[in-house]
Amino acid sequence: CLWVRGRGQKKSPPGPIPWPLVGNAMQLGQMPHLTFCKMAHIYGNVFKIKLGAHNIVVLNGESTIRQALVKHSTEFAGRPNFPSFKVISGGKTMAFGAYSDLWKAQKKIAHSTLRAFSTVNTETTRLFEQHVAAEAEDLIQVFLRLSSGGEYFDPYHECTVAIANVIFALCFGKRYSHDDLEFKALVGRNDKFGKTVGSGSLVDLLPWLQCFPNPVRSLYQSFKDLNIEFFYFVKDKINQHRETYNPKVTRDMSDAFIGLIDHGEGAGEVLDKEYVEGTVTDLVGAGQDTNSVALTWIILLLIKYPHIQKKLQEEIDNVVGQDRMPTAEDRAQLPYVQAFIYEAMRFSSFVPMTIPHSTTRDVIIEGFHIPRNTIIFVNQWSVNHDVDKWRNPSQFQPERFLDENNQLNKDLIYGVLIFSVGKRRCIGDQLSMLQLFLFTSILLHQCSFHSNPEEQLTMEYITGLTLRPLPFGISVRSRRLHRKQET
Ligand code: HEM
């Protein structure tokens, strides 16, 4: 049922019939990415839904998404003009901001600074690696302490602290203990943020929900509060940096941004000073929830599949041995560890939809006309679970990424869609892949992970901007101690 407006007129994408007032909101369900996959079966990879008064085009499948976000990258580079996006990062957000020259300048500075403090060359990689290794070792001690009396515990909070500490160390040169109260309060907010910003962001689409008391309205209010608090937390840190700023010594990323934006060539021309705190807030926010959820999935999959855990440990032991820790340089010699991480990303697709996009101009995609300022949802899940692309996509099989020589199949890993593509692609991709590799290999080198025999493990999750596994119990044992006892 194509909605064709008449002879010679532009063809609009098909889609389910909307209800008055709410549109198709009631049809989305708890897991919109799965609903969209079902709708794509009926209407095709480009279809249209309505949420409130807004027309939304949903893109599914690798070739459609690449055609839109890569081939027509400028046309699909916008962000919707949502009220919730305006309260993020003091209104100076790059991740949720409109496509403009200002956005281009901010993204360029953010990307180059992030790389300069992580993966740009071997020297910075080594420094970054030291941060991650220190956090991984600290995390191991906390895990062992929590397991000491044969207890089982949910690892999510501790993973969040460890991951947040890495990005805090890069941005502010400071880390927190796992029990620090200020830090606990800060990192405990990811849930509400993700729930509001995830593609179902109902207050943005149905603004009249703000007019009377309801759960969505109270979520929106706390979303505003947490963003303001978080921004002022970062602003305070940036002010402390400004007071002690010395152009000759760049202590951390905050100093680097102050140097570029406050004092750099053409300073203040495009980006005013508040873009320092805006950009740092974006980076601290973006780097936390994503990677801590990724690490939580990794741990869940290790206990769900003990034979895979064992195989990973064997590979690490063979390549690294007992006398040193795994390092970034080992990555190429550990194809199974890498295959495991890619499969964890594909299988969980823990960022199932990108941040919503919008069109910056009229554009035609797969023969359908999409007008300027249309909201676009990009379904990454549909690519990672496409039955025509992957054999048994619902099964967890790291081996699928290895070729006949047991080396990583580069073409296949390129097909996993988790960091998006095109102009809005994530800038934390390389840093995250290295960070997850280091955490995974160091944890497995030092420890073994065990499920609670009395608990039925599920692969179910809580839906937001990320998909976070439901709480589950683990117990962690030191392999070092075990090896000592064996000798
Ligand atoms: C945007 C995924 C980690 C910074 C995004 C987007 C996705 C994503 C799907 C939206 C792209 C779009 O709208 O098309 C991930 C995943 C991560 C991760 C899966 C970890 C495994 C990080 C880290 C940082 C970061 C560590 C920085 C420290 C950003 C920024 C954007 C972004 C700044 C906005 C880009 C833009 O709007 O142009 N990320 N991310 N991300 N990410 Fe990440």
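Residues numbered from 1 in each chain as written. Predicted model: local features only at pLDDT ≥ 70, side-chain atom pairs only at ≥ 80, totals over all residues.

A few points about the overall build of the chain
What counts, and what does not: The way it works is that DSSP assigns letters per residue, a run of H or I at least four long becomes a helix, a run of E at least two long becomes a strand, and they are numbered from the N terminus. Radius of gyration means the value over C-alpha atoms here, while the globule rule gives 2.2 Å times the residue count to the 0.38 power. Neighbour counting defines burial: a residue surrounded by 20 or more other C-beta atoms within 10 Å of its own C-beta is buried, one with 12 or fewer is exposed, and intermediate counts give partly exposed, using backbone-placed C-beta atoms. Here the contact rule is simple: place C-beta atoms from the backbone, and any two residues whose C-beta atoms are within 7 Å are in contact.
Across its full length, the chain holds 18 helices and 12 strands. For 487 residues, the compact-globule estimate of 2.2 N^0.38 gives 23 Å, and the chain sits close to it at 23 Å. Referenced to the eigenvectors of the C-alpha coordinate spread, the extents of the chain come out at roughly 80 × 55 × 45 Å. Out of the 487 residues in the chain, the part that is buried amounts to 46%. Counting only contacts in the chain whose residues sit at least 6 apart along the sequence, the fraction spanning at least 24 positions is 72%.

Observations concerning the packing of helix 4 (residues 101–116) against helix 11 (residues 253–262)
So the rule is basically this: Axes, fitted as lines to C-alpha atoms, cover a helix only where it is in contact. Angles between the N-to-C directions of the axes lie from 0 to 180 degrees. Oblique is the label for every angle not falling under 35 degrees (roughly parallel), over 145 degrees (roughly antiparallel), or within 65 to 115 degrees (roughly perpendicular). Helix crossings fall into two classes, left-handed where the near helix is turned counterclockwise from the far one by less than a right angle and right-handed where it is turned clockwise. Residue classes follow a fixed rule: Ala, Val, Leu, Ile, Met, Phe, Trp, Tyr, Cys and Pro count as nonpolar, while Asp, Glu, Lys and Arg count as charged, and any other residue, Gly among them, counts as polar.
Between helix 4 and helix 11, the shortest axis-to-axis distance is 10 Å and the interhelical angle comes to 140°. Taken together, the axes of helix 4 and helix 11 lie oblique to each other. Handedness of the helix 4/helix 11 crossing: right-handed. Taking contact as the criterion, the partners of I109, T113 and A116 in helix 4 are, on helix 11, M253, A256, F257 and L260. Of the residues in the contact of helix 4 with helix 11, the class split is 6 nonpolar, 1 polar and no charged.

Describing the site of the ligand
Worth spelling out the cut-off: Being near a molecule or strand means, for a residue, that its backbone-placed C-beta atom lies within 6 Å of it.
Around the ligand, the surrounding shell holds 25 residues, and the nearest of these are A286, G287, S420, C426 and G428. Those elements giving two or more residues to the shell around the ligand turn out to be helix 4, helix 12 (274–304) and helix 17 (429–446). Element by element, the count of residues in the shell around the ligand is highest for helix 12, at 7 residues. Among the residues making up the shell around the ligand, the classes are represented as 15 nonpolar, 7 polar and 3 charged.

As for the pairing of strand 4 (residues 54–59)
Convention followed: We treat two strands as partners when DSSP finds at least two bridges between them.
As paired strands, strand 3 (residues 46–51) and strand 4 are joined by 6 bridges and run antiparallel to one another. Looking at strand 4, one finds that K48 is bridged to V57. Hairpin geometry of strand 3 and strand 4 is characterised by an intervening segment of 2 residues between the two adjacent antiparallel strands and by a positive phi of about 60° at G52. Summarising the sheet, strand 4 and strand 8 (residues 375–378) pair through 4 bridges and their orientation is parallel. Residue pairing in the sheet places V58 in a bridge with F377 of strand 8.

Points about helix 13 (residues 306–320)
Because an α-helix packs 3.6 residues into every turn, residues spaced three or four apart end up facing the same way. Put simply, the test is: Residue count minus one, scaled by 1.5 Å, sets the expected span of a helix.
With 15 residues, helix 13 should reach 21 Å at 1.5 Å per residue; the first-to-last C-alpha distance of 21 Å fits that figure. Those residues of helix 13 that are buried lie in contact with helix 14 (335–348) and helix 17. Where helix 13 ends, the next residue or the one after it, G321, has phi of about 75°, a positive value.

A closer look at the pairing of strand 8
Along any regular strand, the residues point their side chains to alternate faces of the sheet. Of the two faces of strand 8, the one lined by I375 and F377 and the one lined by I376 and V378 are each fully buried. For strand 5 (residues 357–358) and strand 8, the ladder comprises 2 bridges, and the chain directions are antiparallel. In the sheet register, S358 faces strand 8, and the bridge partner there is I375.

Examining the sheet that holds strand 5
The 4 strands are arranged 3-4-8-5 in an open sheet whose pairing can be described as mixed. One side of each edge strand has no neighbouring strand; the edge strands of this open sheet are strand 3 and strand 5. Against the sheet, helix 2 (residues 62–71) makes contact with strand 3, strand 4 and strand 8, and its axis sits at roughly 120° relative to strand 4, the strand it touches most.

Observations regarding the environment of G278
Tracing the backbone through its elements, the reader meets G278 in helix 12. As a C-alpha pair, G278 and K235 span 43 residues in sequence and 8.4 Å in three-dimensional space.

Here's the deal with the nonpolar core
This is how it is decided: Any nonpolar core is a set of buried residues, restricted to Ala, Val, Leu, Ile, Met, Phe, Trp, Tyr and Cys, that join up through C-beta atoms within 7 Å.
Grouped together as the largest cluster of nonpolar side chains are 124 residues, with contacts concentrated most on C171, V280 and I298. In terms of residues, this core owes the most to one element, helix 12, which gives 16 residues. Leaving out residues up to four positions away in the same chain, C171 has contacts with D252, M253, S254, V280, L283 and V284.

Notes on the confidence of the model for the chain
Quick note on the threshold: The pLDDT score gives, residue by residue, the confidence of the prediction method on a 0 to 100 scale.
Overall, the predicted model of the chain reaches an average pLDDT of 90, with 90% of residues at or above 70. This stretch, residues 1–6, has a pLDDT under 50; its non-local contacts, to residues over four places away or in other chains, come to 9 contacts.

Topic: the environment of E137
Following the sequence through the fold, E137 ends up in helix 5 (residues 122–146). The sequence separation of E137 and Q446 amounts to 309 residues, and the corresponding C-alpha distance is 8.8 Å.

Some words on helix 5
An ideal rise of 1.5 Å per residue puts 36 Å on 25 residues; helix 5 measures up with 35 Å between its terminal C-alpha atoms. If you follow the buried residues of helix 5, they end up packed against helix 6 (156–172), helix 17, strand 9 (447–451) and strand 12 (474–478).

With respect to the packing of helix 12 against helix 17
Put simply, helix 12 and helix 17 touch, their axes get as near as 11 Å, and they point 35° apart. Every pair of crossing elements has a handedness; the one defined by helix 12 and helix 17 is right-handed. Two secondary-structure elements touch here, helix 12 through T290, N291, A294, L295 and I298 and helix 17 through S432, Q435, L436, F439 and T440. Across the contact of helix 12 with helix 17, the residue classes tally to 5 nonpolar, 5 polar and no charged.

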